[in-house]
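Given next are the chains, with one letter for each unit.
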Amino acid sequence: MPKRILEGVVVSDKGDKTVVVKVERTFLHPVLKKPVRRSKKYHAHDEANTYQSGETARIIECAPRSKTKTWEVLPKAGASQAS
């Protein structure tokens, strides 16, 4: 089964090797028939501490790293793998 990839905004980078990413989704309300926004926060593993608050991050599912961390951030688009 493929791993889910979500995109959101980093709201906290205070933990060591951990970022909190807020992911928003929109859906049509079943009764009101209007678009509704819902958000959820995910704790993600950031090995190199590269993400700062306010940046957009993509996260992917992984095996549990701790009680709350089951996601890890994907490398930044412009970052090179060699360095």
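Each remark here, short or long, concerns the structure printed above.
Throughout, a residue's number is its position along its own chain's written sequence, starting from 1. Only residues with pLDDT of at least 70 get local features here, since the model is predicted, and only at 80 or more are side-chain atom pairs given and counted; chain-wide, interface and lining totals rely on the full set of residues. Note that the side-chain values use all heavy atoms of the structure and ignore hydrogens as well as water.

Caption draft 1: Molecular detail of unusual backbone geometry. In this structure, Lys33 takes a positive phi of about 60 degrees despite not being glycine. Turning to its location among the elements, Lys33 is positioned in the loop between strand S2 (18–28) and strand S3 (35–45). Unlike most non-glycine residues, Asn49 shows phi in positive territory, near 50 degrees. Here Asn49 shows up in the loop between S3 and strand S4 (56–61). In this text, helices come from DSSP runs of H or I with a minimum length of four residues, and strands from runs of E with a minimum of two, each type numbered from the N-terminal end.

Caption draft 2: Structural context of the nonpolar core. Among the buried residues, those of types Ala, Val, Leu, Ile, Met, Phe, Trp, Tyr and Cys that are joined through side-chain atoms within 4.5 Å form a nonpolar core. Exposed residues in this analysis have more than 50% of their type's maximum accessible area, buried residues have under 20%, and partly exposed residues fall in between, with area computed by a 1.4 Å probe over protein chains only. Within the largest apolar cluster, 11 residues are counted, these being Val10, Val19, Val21, Val23, Tyr42, Ala44, Tyr51, Ala57, Ile59, Trp71 and Val73. Contributions of two or more residues to this core are made by S2, S3, S4 and strand S5 (71–73). For this core, the element with the highest residue contribution is S2, accounting for 3 residues. The contact criterion used throughout is that any non-hydrogen atoms of two residues lie within 4.5 Å. Excluding anything up to four places from it in sequence, Val19 contacts Val10, Ser12, Asp13, Tyr42, His43, Ala44, Asp46, Tyr51 and Val73.

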